[in-house]
Amino acid sequence: MTDEPTVTPSGKNLGRGPGPDAEVVQLCRDLIRIDTTNFGNDDGPGERKAAEYVAAKVAEAGLEPELYESEPGRTTLVARWEGADPTASPLLVHGHLDVVPAMAADWSVDPFAGEIRDGCLWGRGAVDMKDFDAMVLSVLRARAGTNRPPRRPIVLAFTADEEAGGHKGAHWLVEHHPHLLDGCTEAIGEVGGFSLTVRDDLRLYLIQTAEKGMAWMRLRASGTAGHGSMRNDHNAVTELAEAVARIGRHEFPTRITPSARAFLSEISDALGIDLDPGTDDVEAALSRLGTVARMIGATLRNTANPTMLDAGYKANVIPGEATATVDGRFVPGAQEEFLNTIDELIGDHVTREMINFDSAPETEFAGALVEAMKTSLAAEDPAARAVPYLMSGGTDAKAWDRLGIRCFGFAPLRLPPDLDFVGMFHGVDERVPTESLEFGARVLDRFLDLA
Ligand SMILES: [Zn+2]
């Protein structure tokens, strides 16, 4: 049983027309209902239908959306929104349209029905990241036709393929249509702007200023093939297994980047504890942050996890080759150290090749844009304190970073203290409180006056 649309013009009315949050729940719900599953291959439905939906909403607001396709159906939308100050450098506001797969059998609801229950909108993409797509559209549409352009020009980008690394979306756009982003100096998108409740009068809003780099590697061992009954001191399976075990057991040392250091300092202050980034009990202390500690713990060092193994075809035949896949992640500034460590660990008889490699951008938590985030959050939540953080995963920021754009994760959501927000990402029963969506739209609306 689903509720009927519960959208009410509950937004703060800023003059004529609906408030910036008036449509956000319905827009997000509509987007969830358009299945844009990205399986990492071409088996999915693609983003075209969602891009066409967004294009219609953007066009109704008076903008001229353009659709770009890296391949048929893999659609990215770009539109330009003129600012009050046309000489200001444009701000890139981006959200991806694709979602990761959802196994319906595991869910309490149909992941593509956009059900509203218990104050939440449920469905794949509710937080990653049709929520922000909907906020952007809701704010744009509320401001259209009023005399309230954003302060500076905005380039809106709704991208394809983020969940598979953006090679058919943001990276493709940067390679083939970089002029669309001419002059853009800064960007906002995922993953940040969500709240972490410390006390009733203190909520930290985590702004993403950095993300880990990605090094997915295929390891290959070559040896002497032969009969399984013979002695063989050059067995590819043995060589590979040893290399994989060395990597899997390796303890990477902590590497604290400026974003992580700033985050730990803010947390120390907020919790009234002393977190020394140099000591191991940082992770124990972080556990006081609840579920978000899992993610933060992964950002204090490089990591490398073996994820796949492949060798052999018969019990009594020694294969000539064995391969393994490793998911490596490095913190900003530690790419070279990471690769050197991996090369030491794999040894002389195993080679590695990159199957997916991407950078680890980091920017400073300072400047007018950051002040605009702080001010707009505080206006909607007096208990807000914005703090920078380093994110463990990857986003389209890696693509925009190639053009020198400073990227921030700022998709504002005031969340109830007990929601496992980090667990929502790619998780079962992904959902977002409808009030959080409305909050985000109002913050974004204020932000566009200041940014
Ligand atoms: Zn995402």
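A brief structural summary. (Residues numbered from 1 in each chain as written. Predicted model: local features only at pLDDT ≥ 70, side-chain atom pairs only at ≥ 80, totals over all residues. Heavy atoms only, no water.)

Overview of the coordination of the zinc ion
Distances from the zinc ion to its protein donors, His96 (NE2), Asp128 (OD), Glu190 (OE) and Glu190 (OE), fall at 1.8 to 2.5 Å. Coordination geometry of the zinc ion: the four donor atoms subtend angles of 55 to 155° at the metal centre, consistent with an arrangement described as irregular. Within one chain, the residues serving as donors to the zinc ion are arranged as H-x31-D-x61-E. Of the two residues, His96 sits in strand β3 (residues 91-96) while Glu190 sits in the loop between β7 (186-189) and β8 (194-199), which places them 94 residues apart along the sequence. (Donors = N, O, S within 2.8 Å, 3.2 Å for Na, K, Ca; no water. Tetrahedral: all angles 85-135°; square planar, octahedral: opposite > 155°, others 65-115°. Helix = DSSP H or I, 4+ residues; strand = E, 2+ residues; numbered from the N terminus.)

Looking at the sheet that holds strand β10 (residues 213-222)
What the four strands build is an open sheet, ordered β12-β14-β10-β15; its pairing is antiparallel. Sheet topology places β12 (303-311) and β15 (350-358) at the edges, where each strand pairs with a single neighbour. When the angles between neighbouring strand axes are averaged without regard to direction, this sheet yields 20°. Here eight bridges tie β12 to strand β14 (residues 321-330), and the two strands are oriented antiparallel to one another. The partner of Pro306 across the bridge, within β14, is Val326. Lying on the sheet, helix α9 (residues 335-346) is in contact with β10, β12, β14 and β15; it crosses β15 at an angle near 150°. (Pairing = 2+ DSSP bridges. Axes fitted to C-alpha atoms, helices over the stretch in contact; angles between N-to-C directions. Contact = heavy atoms within 4.5 Å.)

Examining the sheet that holds strand β18 (residues 431-433)
The antiparallel open sheet is built from three strands, whose spatial order is β4-β5-β18. Strands with a single pairing partner mark the edges of an open sheet, and in this sheet they are β4 (116-117) and β18. For strand β5 (residues 120-122) and β18, the ladder comprises three bridges, and the chain directions are antiparallel. Across the sheet, the residue bridging to Leu121 is Val432, located in β18. Docked against the sheet, helix α1 (residues 24-33) engages β4 and β5, running at close to 15° with respect to β5. Taken strand by strand, helix α13 (residues 434-450) contacts β4, β5 and β18, and its axis lies near 70° from that of β18.

What to know about the layout of surface pockets
Estimates place the volume of the largest pocket at around 730 Å³. Arg329, Ser392, Gly393, Gly394 and His426 are the residues nearest the centre of the largest pocket, which is lined by 36 residues in total. Looking at the lining of the largest pocket, the elements that each hand over two or more residues are β10, α8 (292-297), β12, β14, β15 and α12 (421-424). A breakdown of the residues in the lining of the largest pocket according to their chemical character gives eleven nonpolar, 14 polar and eleven charged. No fewer than three residues from each of domain 1 (24-195 + 391-450) and domain 2 (214-253 + 303-359) sit in the lining of the largest pocket. When its volume is computed, the second largest pocket comes out at roughly 280 Å³. Forming the walls of the second largest pocket are 17 residues, and the residues nearest its centre are Leu196, Thr197, Leu289, Gly290 and Pro417. Within the residue set of the lining of the second largest pocket, elements represented by two or more residues are β8 and α12. (1 Å grid on protein atoms, 1.4 Å probe; cavity = no way out; pocket = protein on both sides within 12 Å on 5 of 7 lines; lining within 4 Å. Points joined across faces, edges and corners; volume = space filled by probe spheres on them. Nonpolar A, V, L, I, M, F, W, Y, C, P; charged D, E, K, R; others polar. Domains from an automatic or database assignment.)

A few points about the pattern of salt bridges
Going through the model one piece at a time under the given rule, you end up with 34 salt bridges. Arg74 is paired through a salt bridge with Asp42; the nearest N and O atoms lie 3.6 Å apart. Taken as a pair, Arg74 in strand β2 (residues 74-81) and Asp42 in the loop between α1 and α2 (48-60) lie far apart in primary sequence, 32 residues in all. By relative accessible area, Asp42 is classed as partly exposed at 48%. The partner of Arg406 in a salt bridge is Glu186, with the nearest N and O atoms 3.4 Å apart. Taken together, the residues span a long stretch of sequence, with Arg406 in strand β17 (residues 406-409) and Glu186 in strand β7 at a distance of 220 residues. Taking relative accessible area as the criterion, Glu186 reaches 11% and is therefore assigned buried. Among the ionic contacts, a cluster of salt bridges with common partners joins Asp42, Glu47, Glu71, Arg74, Asp161 and Lys168. (Salt bridge = Lys/Arg side-chain N within 4 Å of Asp/Glu carboxyl O. Buried < 20%, exposed > 50% of the residue type's maximum accessible area, 1.4 Å probe, protein only.)

Remarks on the pairing of β8
Pairing of β8 with strand β9 (residues 202-211), which is carried by five bridges, proceeds in the antiparallel orientation. Bridge pairing in β9 links Phe194 to Leu206. The hairpin formed by β8 and β9 contains two residues between the paired strands.

Comments concerning the nonpolar core
Nonpolar side chains tend toward joint burial in soluble globular proteins. Counting 93 residues, the largest nonpolar core has Ile188, Phe194, Phe263 and Phe447 as its most contacted members. Not counting the four nearest positions on each side in its chain, Ile188 is found in contact with Leu91, Leu92, Val93, His94, Phe132, Leu369, Met373, Phe408, Phe410, Leu444 and Phe447. With 22 residues, the next largest nonpolar core counts Val244, Ile247, Ala304 and Ala324 among its residues. (Core = buried A, V, L, I, M, F, W, Y, C linked by side-chain atoms within 4.5 Å.)

Observations regarding the packing of α2 against helix α3 (residues 130-143)
Relative orientation of the contacting elements α2 and α3 amounts to 25°, with a least axis distance of 9 Å. One element, α2, and the other, α3, form an angle in the roughly parallel class. Considering how the two elements wind past one another, α2 and α3 form a crossing that is left-handed. Here Val54, Lys57, Val58 and Glu60 of α2 come into contact with α3, specifically with Leu137, Leu140 and Arg141. Looking at the contact of α2 with α3 residue by residue, the class counts come to four nonpolar, no polar and three charged. (Parallel < 35°, antiparallel > 145°, perpendicular 65-115°, else oblique. Left-handed = near helix turned anticlockwise from the far one by under 90°.)

On their own, these measurements won't tell you what the molecule is for.
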